[in-house]
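# A closer look at the structure
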Amino acid sequence: MNQMQKALKAYGEVLRLVRLLPKDSRPYYAKYARENFVNYREVDANDTAAMDELLNRTYKHSIWVLNKLLILLVICYFEALAPS
């Protein structure tokens, strides 16, 4: 698998994570991820530094989405524990 294929796969994974967010916020975050990826579509797949930057940005987006999900899960957990 070459670097560009890795980047495309990573982008797909970010979009899968976005689908786990609440329905009303998905379009915003999917668009944000796409715009960040599209900015790199002209990158030469042989430019190791640029490809590393793209994969690093994808990683950061994934961590951000996972943190959002974690916050949502914690909120739901504490709401479930709250007395009625």
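The notes below deal with the structure included here.

Each α-helix turn comprises 3.6 residues. Residues three or four places apart therefore point the same way. Taking 1.5 Å per residue as the helical rise, helix α3 (residues 48-81) with its 34 residues ought to reach 50 Å, and the 49 Å between its terminal C-alpha atoms agrees with that figure. Where α3 is concerned, the buried positions are A50, M51, L54, T58, H61, S62, V65 and L69. In the core, the buried residues of α3 are packed alongside α1 (3-18) and α2 (26-38).

The subject of this paragraph is α2. With 13 residues, α2 extends 18 Å from end C-alpha to end C-alpha; this agrees with the ideal 18 Å at 1.5 Å per step. Listing the buried residues of α2 in full gives Y29, A33, N36 and F37. The arc enclosing the buried residues of α2, seen along the axis, measures out at 100 degrees, which places them on a common side. Set apart from the buried face of α2 by more than 90 degrees, the exposed residues are P27, Y28 and K31. Looking at the buried side of α2, the elements it contacts are α1 and α3.

Rules behind the numbers
- Position numbers for residues count from 1 along each chain, tracking the sequence in the order it is written.
- Local features in this predicted model are restricted to residues of pLDDT 70 or higher, and side-chain atom pairs are both shown and tallied only at a pLDDT of 80 or more, whereas totals for entire chains, interfaces and linings draw on every residue.
- To obtain the side-chain values, all non-hydrogen atoms of the structure were used and water was disregarded.
- Going along the chain from the N terminus, every DSSP run of H or I of four or more residues is numbered as a helix, and every run of E of two or more is numbered as a strand.
- Expected helix span is taken as 1.5 Å per residue step, with the number of steps being one fewer than the number of residues.
- The rule is simple: take the accessible area with a 1.4 Å probe, protein chains only, and divide by the maximum for that residue type; under 20% is buried, over 50% is exposed, in between is partly exposed.
- Two residues form a contact once any of their heavy atoms are found within 4.5 Å.
- The directions from the helix axis to the C-beta atoms are what the arc is built from.

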